[in-house]
Amino acid sequence: MAAQQLCRFGVSILNDLWLPVENDGYIHSSHSTLYNQFVSSLLKPYAKDWDLDILNDLFDDRDRDIIIQLQLSPFATKDHLYWLKDQTGIYTVKTVYHLLQQLKGNWGDDPLSIFWSSLRQLHLPPQVKDLLWRACSSCLPTKVQLQSRHVAIDTTCSLCHSSPETSLNLFFHHGLSHWTASKIETISMLCWALWRCRNDLIWNNIEPSVDRVISSAKLTLDQWKSAQSLSKTLSNSAPATVESLEHWTKPTYPMIKVNVDGATFGDQKSFCWGFIARDHDGSFLQAFQSRKLGSVRAEIAEAVAIKETLSWIKGNNWQNVQVESNCLNVVHAINSKVHVFSPYGSIINDSKKTTFYSF
């Protein structure tokens, strides 16, 4: 009910949690003029932009600086709630999981935490780590596990034909605590190869072979380590050359290429953006730059840069335009079909409304 009233009647300056601050999103300033007033009263009369004179007169430095960080959308027609713990503003189980992991703090002395940490640090192929995690989490689809999920199945092990086919959870919990890393890697690879052997028997009717299990485990681990070593060697030994660096390329006729960039200046509590436009011959057409107050994150500056550039292009009625940016996250967000609800998302959504150019 409180959320419905917030969205319906507007955001109270003093009573609502509206500042983008994780630990304390309330206004600290206590000027008498602010009582019973809504955030909309802090805007310029005929523009969706902050009235800096009002902010300077009524708020302390902390509140003013945080308010200026909020980039307002000229297209927004109503207020809405968003999830502060994720850049998209969308509440998901994944973001809550990461938040809970962060809130765990220094609980690293917990034996279970030490166990999972040691499991993640094993130098093994991803598919082997996945197998270990599923086995130790009791979610490996063994016959006993399937039966617990109400699957009518004989639980006898397909390999030994004597004991029930159960997860190796208990085995790993004790083994990882006492073995060396090398032994753990070897045993883990054998378990992965044994699981593959079991699946081949059930699904492909391939008879198990001890030699094949051992050779598969050893060969897979050796090949994976060789590939990792080669990749690391190449990345460390291949210095950047003039030929390997990215170069600006001319657009095809009759396209115009507009390169845009944003930058932040923390000591000045401001950010700026600019663009340069060139034709298919690479000839200079026009350039523009602007600056705005606010200590924003780098991706906010880049998003504003693209939004303002798109607005400028649209206002000047340019056609056949290709916009180029070095901020891949912002470009992906603009090209995505997901509607983003955060303040960052409002900038992205504004850019989508004016996007009829290629990125």
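Description of the structure in this document. (Residues numbered from 1 in each chain as written. Predicted model: local features only at pLDDT ≥ 70, side-chain atom pairs only at ≥ 80, totals over all residues. Heavy atoms only, no water.)

### Comments concerning the packing of aromatic side chains
Two aromatic rings, taken as a pair, are described by how far apart their centres are and by the angle between their planes.
Then step 1. A complete count under the given rule lists six aromatic pairs for this structure.
Then step 2. Ring geometry for Phe 271 against Trp 273: centres 6.0 Å apart, planes inclined by 35°, an arrangement best described as tilted. Accessibility classification places Phe 271 together with Trp 273 in one group, the buried group.
Then step 3. Summarising the aromatic geometry, the rings of Phe 275 and Trp 312 are spaced 5.0 Å apart at their centres and angled 55° between planes, so their arrangement reads as tilted. Residue Phe 275 is located in strand β2 (residues 270-278), and its partner Trp 312 is located in helix α11 (residues 298-315); the two are separated by 37 residues in the primary sequence.
Then step 4. On the basis of relative accessibility, which here comes to 16%, the residue Trp 312 falls in the buried class.
Then step 5. The structure contains a cluster of three or more aromatic residues connected by ring pairs, namely Phe 275, Phe 288, Trp 312 and Trp 318. (Phe/Tyr/Trp six-rings, centres within 6.5 Å; stacked < 30°, edge-to-face > 60°. Buried < 20%, exposed > 50% of the residue type's maximum accessible area, 1.4 Å probe, protein only. Helix = DSSP H or I, 4+ residues; strand = E, 2+ residues; numbered from the N terminus.)

### Describing unusual backbone geometry
Then step 1. Residue Pro 254 is reached from Tyr 253 by a cis peptide bond, and omega for that bond is 5°.
Then step 2. Turning to its location among the elements, Pro 254 is positioned in the loop between α10 (210-237) and β1 (256-265).
Then step 3. The backbone of Asn 36 shows a phi angle near 60°, a positive value even though the residue is not glycine.
Then step 4. Structurally, Asn 36 can be placed in the loop between α1 (2-9) and α2 (52-58).

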